[in-house]
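# Commentary on secondary and tertiary structure
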Amino acid sequence: MLAKIYSAAVYVVDAYEVEIEVNAGAGDPKMVIVGLPDAAVKESKDRVRTAIANSAYKWSRKRTAINLAPADIKKEGPSFDLPIALGMIAVAEGLNTSAKRRFSGADPHRDDRAEPECARLRSNPESLANHRRFGRQDRHRAGTRERSDSISHVRSNALDLKARIISLVALFALAGCGRTEPTISGPLKQRGYVWQREWTPAVVDALGETNRRMDGVVILGAELNLAGKKPAVVKATIDWDALKRQAGHCAIAIRVAPFAGPFRSDGESAQAIVDLAKQLLAEVREHDVKIDEFQFDFDCAEKNLGSYRAWLRMLKPTIQPKHFVITVLPAWLTSSNFLPLIREVDGYVLQVHSVPISAGTATTLSDSRLAHEWVRKAAKFGKPFSVALPTYRCAAGYGPDGKLLSVAMDSVQPFWPPGTRILEFGANADEIAALVNDWQRARPREMRELLWYRVPIATDARNWRWPTLSAVMAGRLPEHKLNILQEGENPIDLSIFNAGEADEQLSANVTATWSGTELTAADALSGWNVRSQINRAVFSVVASHGLRLPPGATRKIGWLRFDRTTNLETELSKSK
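The present account deals with the structure reproduced in this document. A quick note: this is a predicted structure, and the numbers were derived from the prediction, not measured.

For the rest of this paragraph, the subject is the environment of L506. The topology assignment puts L506 in strand β21 (residues 504–506). Sequence separation between L506 and V541 is 35 residues, and the spatial gap between their C-alpha atoms is 7.3 Å.

Given below as structure tokens:
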């Protein structure tokens, strides 16, 4: 016996029809659900059987196969309980379901004046309590008394079946209230990006430190610009010997600059990508470096995702059997082309940080609330993914129209025309540490690791240092601690030392006090001024944007000379 019930579900923001086929036949008396169900859908077997039994109906004791079509889209949550139950009842009762198309969806003949019982119960706690105490007995008596008449009536009019199972609707609605998606907890795998084009000694040193502190590294292999008349390639000057010697788990990446198309698989641009990938992989083999993964980083416009897929299909044979991964933007998650796109690869990196494309639209590189939301959306596609988080600061230049012109990183210093508005953005270590802590306590199963952009380099002034990144990786707020140092007896040199784990913005005043002596001279160093009073001197920052002090760094602020040796008392206070 086969029954078909039609329902609907939501895929990102689009609704689509789901056909529930319930078949009862010979075999072991058990239920099997197929059609890409998630854990919540698979659990519906127990919920449905219990609800049917409590409503005085019966279900087939034969082998029951339930198919949810289309089979290539993941089915999630308890919303399929009711149509599955209808199909099971129809099979058990021998009902004809040909008239029940879209039965569990909106009904054009429905009398909307009759409020669904589930809504009434949820809005009235007293009714809900009575329903729980007496509803089962009432339903059993009613079901036993009216069984023979109702079955024949259902066969002649499918709409009456809907009225008979209002109790089922209530049970399923109440059972589904408050359900959450399954999560996992525990430490996350964490890797870092080495995105420098020039491999200086500082980059090599950072590679060794990354190998000791992280689970792997992703290195930039080359950048490709397709916007000109001919493809332009800039290769990173990789120290292959150092990479082989110091790197553990290693991946290599190609970065493609913004490109509007065309995306033809037989075009010059596509061939340039394949050729570059082949060259990089050949160099990897030549230097006997083991890589686990190949990343392709391209910020494609959302409208071109369908065409971008052609690139991935063309590139895949060159990459395999290496793990093939792409970088994706949060805006892609709502596109109907996103799922077909990620089916072409083995995994993807969700980049939850970016420089605002328009001035005034954001103040930080990463918003924790949005990052949580994007991760939840990504998990619904059922494919493993990583999350890329920022560790850097940057200066962004915006034109008179408020649009982004370019971004200044440590290795890239663009030329900005007169009238450019320059804004600085940074990664908030405290907020990102809290975000990591949240994910360590509970995260979607599909979220596999964190990737940090970028690893600390000693010469990179706009990036976190290792004390900051280590604390954040552990999901712990970095310690904030500034000390005032004194050197010499007379004069006395004053400095500020960052004894904490996070970068500090030096916007505080340093106040020095003394007694029993007179100040004969004082001076402040660049970026500071000093005001002297009786038995007191105050050093203040005069730089327009303050001064930044990384962990472990010291900054001299000035000196004081007295008519005799004295003891200084110093204090940090917020500037007004």
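What follows deals with the pattern of salt bridges. Using the criterion set out here, one finds 24 salt bridges in the structure. With a shortest N-O distance of 2.7 Å, E283 and K235 are connected by a salt bridge. Of this pair, E283 sits in helix α10 (residues 268–286) while K235 sits in strand β8 (residues 232–235), and the two are 48 residues apart along the sequence. Judged by its relative accessible area of 32%, K235 is partly exposed. Sharing partners across several salt bridges, the network here consists of R393, E424, D503 and R548.

A separate point is the sheet that holds strand β25 (residues 536–541). The strand order across the open sheet built from four strands is β24-β25-β22-β28, with neighbouring strands paired in antiparallel fashion. Edge positions in the sheet fall to β24 (528–533) and β28 (569–574), since each of these pairs with one other strand and no more. This sheet shows a mean twist of 20° between the axes of neighbouring strands, independent of strand direction. One ladder, built from six bridges, connects strand β22 (residues 508–513) with β28; its direction is antiparallel.

This model, assessed by the stated rule, comprises 20 aromatic pairs. Considering the side-chain rings of Y398 and F425, the 6.5 Å spacing of their centres and the 75° angle between planes classify their relative orientation as edge-to-face. Of the two residues, Y398 is situated in strand β14 (residues 393–398) and F425 in strand β16 (residues 421–426); the sequence distance between them amounts to 27 residues. F425 matches Y398 in its accessibility class, with the two residues each being buried. Both rings, one in W514 and one in F562, keep their centres 5.0 Å apart while their planes meet at 70°; by these two values the pair is edge-to-face. Pair noted here: W514 is in the loop between β22 and β23 (519–524) and F562 is in strand β27 (residues 554–562), with a separation of 48 residues, a long-range link. For the pair W514 and F562, one class covers both residues: buried.

Calculation notes
Residues numbered from 1 in each chain as written. Predicted model: local features only at pLDDT ≥ 70, side-chain atom pairs only at ≥ 80, totals over all residues. Heavy atoms only, no water. Helix = DSSP H or I, 4+ residues; strand = E, 2+ residues; numbered from the N terminus. Salt bridge = Lys/Arg side-chain N within 4 Å of Asp/Glu carboxyl O. Buried < 20%, exposed > 50% of the residue type's maximum accessible area, 1.4 Å probe, protein only. Pairing = 2+ DSSP bridges. Axes fitted to C-alpha atoms, helices over the stretch in contact; angles between N-to-C directions. Phe/Tyr/Trp six-rings, centres within 6.5 Å; stacked < 30°, edge-to-face > 60°.

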